[in-house]
Amino acid sequence: MAVVVKTYEPKFWDRFYLPAILKGLAITLTRIFVRKDTILYPEHKHVPAPGYRGLHRLNKHADGRIKCVACEMCATACPSNCITIEPSAAPWDDGEERYPIKFEINLLRCIYCGFCELACPKDAIELTEVYDFANYTRDSLVIDMDGLLEVYEVTSQGSIYTRQNAGQPVKVAQQL
Ligand code: SF4
Ligand code: SF4
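Conventions we followed
Residues numbered from 1 in each chain as written. Chains lettered and ligands numbered in written order. Predicted model: local features only at pLDDT ≥ 70, side-chain atom pairs only at ≥ 80, totals over all residues. Heavy atoms only, no water. Helix = DSSP H or I, 4+ residues; strand = E, 2+ residues; numbered from the N terminus. Phe/Tyr/Trp six-rings, centres within 6.5 Å; stacked < 30°, edge-to-face > 60°. Buried < 20%, exposed > 50% of the residue type's maximum accessible area, 1.4 Å probe, protein only. Lys NZ or Arg CZ within 6 Å of the ring centre and 35° of its normal. Near = heavy atom within 4 Å. 1 Å grid on protein atoms, 1.4 Å probe; cavity = no way out; pocket = protein on both sides within 12 Å on 5 of 7 lines; lining within 4 Å. Sits in = over half its atoms within 2 Å of the grid points. Nonpolar A, V, L, I, M, F, W, Y, C, P; charged D, E, K, R; others polar. Pairing = 2+ DSSP bridges. Points joined across faces, edges and corners; volume = space filled by probe spheres on them.

### Describing unusual backbone geometry
Link 1 in the chain: Across the junction of Tyr41 and Pro42, the peptide omega takes the value 5°, indicating a cis bond.
Link 2 in the chain: With respect to the secondary-structure elements, Pro42 resides in the loop between α1 (18–32) and β1 (56–58).
Link 3 in the chain: The backbone of Tyr17 sits at a positive phi, close to 65°, despite the residue not being glycine.
Link 4 in the chain: With respect to the secondary-structure elements, Tyr17 resides in the segment before α1.
Link 5 in the chain: Not every positive phi belongs to a glycine, and Asn81 is a case in point at roughly 55°.
Link 6 in the chain: Examined against the element boundaries, Asn81 turns out to sit in the loop between α2 (73–77) and β2 (83–89).

### Structural notes on the packing of aromatic side chains
Link 1 in the chain: For the structure on display, the rule yields seven aromatic pairs.
Link 2 in the chain: Aromatic side chains Tyr52 and Tyr131 sit 6.3 Å apart centroid to centroid with 80° between the ring planes, which places their arrangement in the edge-to-face category. Of this pair, Tyr52 sits in the loop between α1 and β1 while Tyr131 sits in the loop between β4 (125–127) and β5 (142–143), and the two are 79 residues apart along the sequence.
Link 3 in the chain: For Tyr131, a relative accessible area of 24% gives the class partly exposed.
Link 4 in the chain: Aromatic pair Tyr112 and Phe133: ring centres 6.4 Å apart, planes at 45°, arrangement tilted. Taken together, the residues Tyr112 in the loop between β3 (98–106) and α3 (115–119) and Phe133 in the loop between β4 and β5 connect sequence positions 21 residues apart.
Link 5 in the chain: Here the guanidinium or amino end of Arg65 rests over the ring plane of Trp92, the centre of that ring lying 4.8 Å away.

### Things to note about the site of ligand 1
Link 1 in the chain: In the neighbourhood of ligand 1, 14 residues make up the surrounding shell, with Cys78, Cys110, Cys113, Gly114 and Cys116 lying closest.
Link 2 in the chain: Its atoms largely coinciding with the cavity grid, ligand 1 occupies the largest cavity.
Link 3 in the chain: Here the shell around ligand 1 is composed, by residue class, of 11 nonpolar, three polar and no charged.

### Considering the sheet that holds β2
Link 1 in the chain: Pairing in this open sheet of three strands is antiparallel, and the strands run β2-β3-β5 from one edge to the other. Every other strand in the sheet has two partners, leaving β2 and β5 as the edge strands with one partner each.
Link 2 in the chain: In this sheet, β5 lies alongside β3 in antiparallel orientation, the contact comprising two bridges. Paired with Ile105 across the bridge in β5 is Ile143.

### Thoughts on empty space enclosed by the protein
Link 1 in the chain: This model, assessed by the stated rule, comprises two cavities of 30 Å³ or more.
Link 2 in the chain: By volume, the largest cavity amounts to about 80 Å³.
Link 3 in the chain: Taken together, 14 residues make up the lining of the largest cavity; nearest its centre are Cys78, Cys82, Cys110, Cys113 and Cys116.
Link 4 in the chain: Of the residues that constitute the lining of the largest cavity, the class distribution is 11 nonpolar, three polar and no charged.
Link 5 in the chain: Considered as a void within the structure, the second largest cavity measures approximately 70 Å³ in volume.
Link 6 in the chain: What lines the second largest cavity is a set of 14 residues, among which Cys68, Cys71, Cys74, Cys120 and Ala124 lie closest to the centre.
Link 7 in the chain: When the residues that make up the lining of the second largest cavity are grouped by side-chain class, the tally is 12 nonpolar, no polar and two charged.

In structure tokens form, the structure reads like this:
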């Protein structure tokens, strides 16, 4: 069935433009008093909802020792094959026989699925709320063990974005 599309025919008042301009200004004025859905990033940071999966961290025990026992279950569960672990004999004598001497995650290959976190039997790897990490080279987005432990230091003190919004500068992982 054919559809007839009528062309726009301006009415009498449309030819003066002023009513349309006033109508547009009235809409703008009403929006001034409505709560904004946008934020002024990067001065104001979005605070992700609990459970958001961002930059990884390696957790520590209360005594400062790394929780990871280099079992490589996270690397096995990782669908992107972006975790590299080099285990070594642990220097401490408390039943944990291994610890990592190298732990790297390629952040460009990661799909932030959280499987590594779910697979870990020691609560050692965790995805944090941190979403705004970027750099200029691909190599600089391979985070190493020092970087992962540094992310733990800054994210274990509460939301970094809440702190940044309160005016406290927080830098996540020096290498990023
Ligand atoms: S979040 Fe997923 S893709 Fe990223 S390192 Fe963990 S298991 Fe691999
Ligand atoms: S982070 Fe967890 S799963 Fe991965 S090697 Fe360490 S202890 Fe094993």
